[in-house]
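Topology and contacts: notes
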Amino acid sequence: MSTTVVDARNLLCPMPVIRAQDAVVKLQPGDTVQVLCTDPGVVHDIPAWCRIHGHEIFKIDEQGHEIVIHICVGTGN
Amino acid sequence: MFAVVPLMSQKPKAVALISGGLDSLLAARVVMEQGVHVEGINFFTGFCVEGHTHAIRKQDRAKPKRNNALWSAEQLGIKLHIIDIIEEYKDVVINPKHGYGANLNPCLDCKIFMVEKAREWVEEHGFDFIITGEVLGQRPMSQRKDTMPVVARDSGARDRLVRPLCAKNLPVTMPEIRGWLDRDKLYGFNGRSRKPQMALAEKFGFEDYAQPAGGCCFLTDKQYAVKLGDLWATRGTREYDLDDIMLLKVGRHLRPRPNFKVIVGREEGENRFLEGYRKRFVHMIPRSHSGPLVLIDGELAAGDIELAARLTARFSQGRDAAQVTIEVKPVDADAHCLDVLPLTADEIPADWYI
Ligand code: SF4
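Residue numbers run consecutively from 1 along every chain, following the written order of its sequence. The order in which chains are written sets their letters, starting at A; the order in which ligands are written sets their numbers, starting at 1. Whole-chain, interface and lining totals are the exception, using all residues; otherwise, since this is a predicted model, local features are given only for residues with pLDDT of at least 70 and side-chain atom pairs are given and counted only at 80 or more. Think of the side-chain values as coming from all heavy atoms in the structure, minus any hydrogens and water.

**Concerning the interface of chain A and chain B**
Put simply, the rule is: Should any heavy atoms of two residues lie within 4.5 Å, those residues are counted as being in contact. Accessible area, probed at 1.4 Å, shrinks when two parts are joined; the buried area is that loss added up over both. Salt bridge criterion: a side-chain nitrogen from Lys or Arg within 4 Å of a carboxyl oxygen from Asp or Glu. Two N or O atoms form a polar contact when they lie within 3.5 Å of each other; inside protein one atom must be a possible hydrogen donor and the other a possible acceptor, and for residues adjacent in sequence the pair counts only when both atoms belong to side chains. By definition, any uninterrupted DSSP run of H or I lasting at least four residues is a helix, any uninterrupted run of E lasting at least two residues is a strand, and each is numbered from the N terminus. By the convention adopted, Pro, Cys, Tyr, Trp, Phe, Met, Ile, Leu, Val and Ala count as nonpolar, Lys, Arg, Asp and Glu as charged, and the other residues, Gly among them, as polar.
Each partner contributes residues to the interface: chain A has 19 residues there, and chain B has 25 residues. Carbon and sulfur atoms make up 65% of the surface buried where chain A meets chain B, a total of about 1,800 Å² over both sides. Looking at the side of chain A facing chain B, the largest losses of area belong to Leu12(A), Pro14(A) and Ile52(A), adding up to 30% of the total buried there. For the interface between chain A and chain B, the tally reads one salt bridge. Between Glu74(B) and Arg51(A) there is a salt bridge, and its shortest N-O distance comes to 2.7 Å. Linking chain A to chain B there are six residue pairs in polar contact (both at pLDDT 80 or more). When residues in the side of chain A that touches chain B are grouped by element, the largest group, seven residues, is from helix α2 (residues 42–53) of chain A. Looking at the side of chain A that touches chain B, its residues break down into ten nonpolar, six polar and three charged.

**Thoughts on the environment of Thr173(B)**
Residues and elements named next belong to chain B. For clarity, the cut-off: Only protein chains enter the area calculation, which uses a 1.4 Å probe; residues under 20% of their type maximum are buried, those over 50% are exposed, and those in between are partly exposed.
Locating Thr 173 in the fold gives a position in the loop between β5 (161–162) and α8 (174–177). Judged by relative accessible area, Thr 173 falls into the buried class, the value being 8%. For the pair Thr 173 and Arg 158, spaced 15 residues apart in sequence, the C-alpha to C-alpha distance is 8.3 Å. Apart from the residues lying within four places of it in its own chain, the contact partners of Thr 173 are Asp 159, Leu 161 and Val 162. A polar atom in the side chain of Thr 173 sits 2.6 Å from the side chain of Glu 176.

**Digging into the nonpolar core**
Put simply, the rule is: Here the nonpolar core consists of buried residues drawn from Ala, Val, Leu, Ile, Met, Phe, Trp, Tyr and Cys, with membership extended through side-chain atoms lying within 4.5 Å.
Among the nonpolar cores identified, the biggest contains 64 residues, and Val33(A), Val35(A), Ile46(A), Ile71(A), Val38(B) and Phe129(B) are the most heavily contacted of them. Membership of the second largest hydrophobic core comes to 40 residues, among which are Leu17(B), Phe47(B), Met141(B) and Ala225(B).

**Quick notes on the pattern of salt bridges**
Side-chain pairing between opposite charges can occur once the charged atoms of the two side chains come close. All names here are of chain B. The final tally for this structure, using the stated rule, is 26 salt bridges over all chains. The closest approach of N and O atoms between Lys 117 and Glu 88, which form a salt bridge, is 2.5 Å. Note that Lys 117 is positioned in helix α6 (residues 107–125) and Glu 88 in helix α5 (residues 86–94), a separation of 29 residues in sequence. With relative accessibility at 15%, the residue Lys 117 sits in the buried group. A relative accessible area of 39% means that Glu 88 is categorised as partly exposed. Residue Arg 153 is joined to Asp 154 by a salt bridge in which the shortest nitrogen-to-oxygen separation is 2.8 Å. Among the residues examined, Asp 154 registers a relative accessible area of 26% and is labelled partly exposed. Among the charged side chains, a network of salt bridges with common partners joins Arg 235, Asp 241, Asp 243, Asp 244, Arg 280 and Asp 297.

Laid out in structure tokens, this is it:
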């Protein structure tokens, strides 16, 4: 199980979704990804992308203007 | 040519270009109804209307925001692959073989390019055909009877490109010949009326779908096209990067001199967004009064700093004051302050506004 950190700060949607997607497709089920973001739109878009691809968001941390989305990679079904 | 031909026992697989609008949502659904496995693909060019300005402007943050392409995929229950084509798309915008539409929108070249990218994706992923939500006669440039075959031909997709909403007005496609799609269950929409699509949406139970007013990208927006044209003309090159085209979506843009323009944040959300560019641009902030962050784009000549500072003061709360202190931060030097007299409204000609 690995944890990958994706820095998507100062990027606007859909770029953070694309960065998260590009990281997730290279990983195995059970691996985790932390996506660092500043665009508030990610709290809707990354979970939506995860729902349709079968990945799980297990935590969203918001500190000031920074948002960290924690994804657990699913089987992709 | 397409490498993979499915065995008879396998479900045929199609990829649908999902823009987030109603037509692509319906087109995908019509094909799904016939038992085809459909996945979505959405191309991000940098000019897409989706997301950006809503994300930047504070006043828009209170409204629930969604990415309509992802929303469409959720409604359909399909996967959506969002693909960054920013770099490759530049050539489409800069050198469109078929020219521009009403503004800087190269719709026909854009459609060809996107279908071509989808064709490459299909070949790489072992899919069988491509679906788009195009409707004959709906758009003046890319959805005409004479240009729709050009998209199919020049993209290399040919008879593997299916437009389910107007298929009955077009030649038979490969999935119909193979019996994967029943032509009778496809549609023959034609023209600019949205009524047939709305009726079909109702039939499928789609509500709350997006209805973008001016097309799917900023290149169709007159104001945006003027700003992009100004950027190209003053730089003497049509090259651009993502930051350039993002910044054109934000703030007021004024060009007081041919050699520089200023970008003035209009509210807190825009100021915060512009702050992300402070390291790349000379910028100014009013210190004696509250006011916007101003980025300066271009090479400044003697006297330009003072002019830009007076302009910055004009957009501050001290616009009527005798003196406003402006902090000036060059890219490679420490910040310093200038005390200036704000420009009056009369001293800002209308043609400074881009
Ligand atoms: S409106 Fe923009 S995205 Fe849509 S076809 Fe035209 S150029 Fe392409």
